[in-house]
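Secondary and tertiary structure notes
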Amino acid sequence: MTVFAQALHAALYGLPADQEALPPALDALLQATHIVTTPEQETAVLKLVAEQLRNAAEIIQRYQYRAQWDRFPADVAEQLADAHDNAQHIALALDRVAPAFSHRPATDTTPSAKAAQGRSAAAPAPAPHPPASRRL
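For the structure given in this document, a descriptive report is provided here. All of these numbers come straight from a predicted model, not from anything done at the bench. (Residues numbered from 1 in each chain as written. Predicted model: local features only at pLDDT ≥ 70, side-chain atom pairs only at ≥ 80, totals over all residues. Heavy atoms only, no water.)

1. Some words on the pattern of salt bridges
Put simply, the test is: Only one rule defines a salt bridge in this text: a Lys or Arg side-chain nitrogen within 4 Å of an Asp or Glu carboxyl oxygen.
Counted under the stated rule, the structure contains four salt bridges. Arg66 is the salt-bridge partner of Asp70, the closest N and O atoms lying 2.8 Å from each other. Among the charged side chains, a network of salt bridges with common partners joins Glu51, Arg54 and Asp95.

2. A short note on unusual backbone geometry
This is how the line gets drawn: Each helix is a run of H or I in the DSSP string that is no shorter than four residues. Each strand is a run of E no shorter than two, and both are numbered from the N terminus. Residue exposure (1.4 Å probe, protein chains only): buried if accessible area is under 20% of the type maximum, exposed if over 50%, otherwise partly exposed.
Even without being glycine, Arg71 reaches a positive phi, approximately 55 degrees. Checked against the element boundaries, Arg71 lands in the loop between α3 (39–69) and α4 (74–102). According to the relative accessible area criterion, Arg71 is exposed, its value standing at 75%.

3. A few points about the nonpolar core
Definition in use: Side-chain atoms within 4.5 Å are what join buried Ala, Val, Leu, Ile, Met, Phe, Trp, Tyr and Cys residues into a set we call a nonpolar core.
Leu46, Ala50, Leu53, Ala91, Leu94 and Ala98 form the largest nonpolar core, which has six residues in total. Among the secondary structure elements, those contributing two or more residues to this core are α3 and α4.

Here you go:
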């Protein structure tokens, strides 16, 4: 809240915005991934990342509107719109998968399960999806 008040105060009175005041929330979440120890904490981190992505999507959308308003080249607004959509899509995906970290399936330790696990570990990883085409 303080950051918002400082930015508003700076905007109203023409003062320079304090760059140090920008919140490093994702930095803190990144650090948290190294120290969380319980499945519930892992789920909470993913949920917080999803929330931060929704906030990022809103920020990106504001810049998209600004680019349109200030008549930036059309591809700038289009790329921002794509980034907005992608951020929302990732946030939804994280919402869907986060609970899995709290409710992990029990591992099967039977010999046939271990053999199947060994075979799947040796299988090549599926090819990644090609990146979305970008309009330049």
